[in-house]
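Fold and contact review
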Amino acid sequence: MSEHEFGVGSAHAKAILFGEHAVVYGAPAVAIPVPQLRVSVLARCAPERSNGVRVTDAGAGVPVPDRWSRTGADDPALRELVTNFFVATETRSRAIDLTVDCRIPPGRGLGSSAACARAVVYALGDLFDRPVDARLTFDLVQTAERVAHGSPSGVDTVATGSAVPIWFQGGVAKELVMDLDGVFVIADSGVSSATSVAVSELRRRFDGDPAAKAGFLERSARITAAAVEDLAHARVGAVGHRMTENQALLGEFGLGIAETDRLVTAAVAVGCAGAKLSGGGLGGCVVALADVAHPVEAVETALRVAGAVATWTVPADLSAR
Ligand code: PMV
């Protein structure tokens, strides 16, 4: 195996349809890819220096995570990932320059940090001509996610590399059959939030109220299981209803904010089968399910009128079959 002059890697965004937060405690979740929002990474060996990993924003037009906004920034999460890559692949440790072109808005529950880490793993594998299988990729991305977020469930780690919807629980992912006659519309509230803050605030609440924790996990798991059944039978209305149910649960636990609540209300008012916040919450994105009777353009317009700064669509028949 020989070293190349450079290596490239890319990954995409994701949206969580069911089970966010509960998945951190071992409950199931469902996520879909958002393939049009991508990150690409170019990796090169750098002249030896003490500071092992240097990250440069390629200037993609959307802000990269704050920690990369300085050219030549040292990113602790990616430094950990690169160190672990060298150990796991028995590659001689080197100084690395990473140029990141991230088109995934950060802090919006779209998995930008996991996608960036995944793209880095692929770029390193390409640079050093090392095979990185799914297991090693998962472990390496999780090392970066742990530094960035504390206790990642791994759902973002898998979903940012999957071309099809996934069911995820306790580190295990399965491809999901999804053949709905509709479209998911993702709307960005424009409010940035840190997953680590949302996760730790919820954890604090759970620590003081074990019954509330048990109730949250039980309800989330029940909604997700019912939704998987509805997905298997292509019941658009029922899937939407479960999304709105999941939104109510997340709202009860303080994860909604006025901006995302407004988007959910607007999506339902314009006739979507259901809508909910997606990801960590306390800002970020909303995902709505529009059935064929409701033109996507009308849904996007309603969401923009309600304050969305951007919208994206994902067909709901992204099947693993
Ligand atoms: O906000 P995001 O995209 O990082 O979503 C993370 C989903 C959580 O369940 C809140 C955290 C996790 O690790 O699964």
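Preceding block: the structure.
Residues numbered from 1 in each chain as written. Predicted model: local features only at pLDDT ≥ 70, side-chain atom pairs only at ≥ 80, totals over all residues. Heavy atoms only, no water.

Now for helix α6 (residues 210-232). Over its 23 residues, α6 runs 33 Å from end to end, which matches the ideal 33 Å to within 8%, given 1.5 Å per residue. On the buried face of α6, the contacting elements are β1 (7-18), β2 (29-45), α5 (195-208) and α7 (236-252). Downstream of α6 by one or two residues, Ala-234 has phi in the positive range, about 55 degrees. (Helix = DSSP H or I, 4+ residues; strand = E, 2+ residues; numbered from the N terminus. Expected span 1.5 Å × (residues − 1). Contact = heavy atoms within 4.5 Å.)

Further remarks concern the site of the ligand. Around the ligand sit 16 residues, and of these Lys-14, His-21, Ser-153, Thr-195 and Gly-280 come closest. Within the backbone of Gly-109, one N or O atom sits 3.3 Å away from an oxygen atom of the ligand. A distance of 2.5 Å separates an oxygen atom of the ligand from a polar side-chain atom of Ser-153. With the chains in place, 94% of the 380 Å² that the ligand exposes on its own is no longer accessible. Of all elements in the fold, only β1 and α4 (155-159) reach the threshold of two or more residues within the shell around the ligand. (Near = heavy atom within 4 Å. Polar contact = N/O pair within 3.5 Å; in protein donor to acceptor, adjacent residues only side chain to side chain. Areas by Shrake-Rupley, 256 points an atom, 1.4 Å probe, with all protein chains shown as cover.)

Residues Val-39 and Phe-184 are the most contacted members of the largest nonpolar core, which totals 74 residues. The greatest single-element share of this core, amounting to 10 residues, is contributed by helix α2 (residues 112-127). Among the domains, domain 1 (7-173) and domain 2 (177-315) are the pair contributing at least three residues each to this core. Non-local contacts of Val-39, meaning those with residues more than four positions away in its chain, are made with Gly-9, Ser-10, Ala-11, Val-100, Asp-101, Cys-102, Arg-103, Ile-104, Ala-115, Cys-116 and Ala-119. (Core = buried A, V, L, I, M, F, W, Y, C linked by side-chain atoms within 4.5 Å. Buried < 20%, exposed > 50% of the residue type's maximum accessible area, 1.4 Å probe, protein only. Domains from an automatic or database assignment.)

Another aspect to go through is the environment of Ala-258. With respect to the secondary-structure elements, Ala-258 resides in helix α8 (residues 258-269). Classification of Ala-258 as partly exposed rests on a relative accessible area of 46%.

Below, the discussion takes up the side chain of Ser-220. Following the sequence through the fold, Ser-220 ends up in helix α6. Non-local contacts of Ser-220, meaning those with residues more than four positions away in its chain, are made with Gly-19, Ala-22 and Leu-249.

Two elements in contact, α6 and α7, have axes separated by 9 Å at closest approach and are oriented at 165 degrees. Classified by the angle their axes make, α6 and α7 are roughly antiparallel. In the packing of α6 onto α7, the handedness of the crossing is left-handed. Along the contact surface, α6 presents Phe-216, Arg-219, Ser-220, Arg-222, Ile-223, Ala-226, Ala-227, Asp-230 and Leu-231, while α7 presents Ala-238, Val-239, Arg-242, Glu-245, Asn-246, Leu-249, Leu-250 and Glu-252. Partitioning the contact of α6 with α7 into residue classes produces 9 nonpolar, 2 polar and 6 charged. (Axes fitted to C-alpha atoms, helices over the stretch in contact; angles between N-to-C directions. Parallel < 35°, antiparallel > 145°, perpendicular 65-115°, else oblique. Left-handed = near helix turned anticlockwise from the far one by under 90°. Nonpolar A, V, L, I, M, F, W, Y, C, P; charged D, E, K, R; others polar.)

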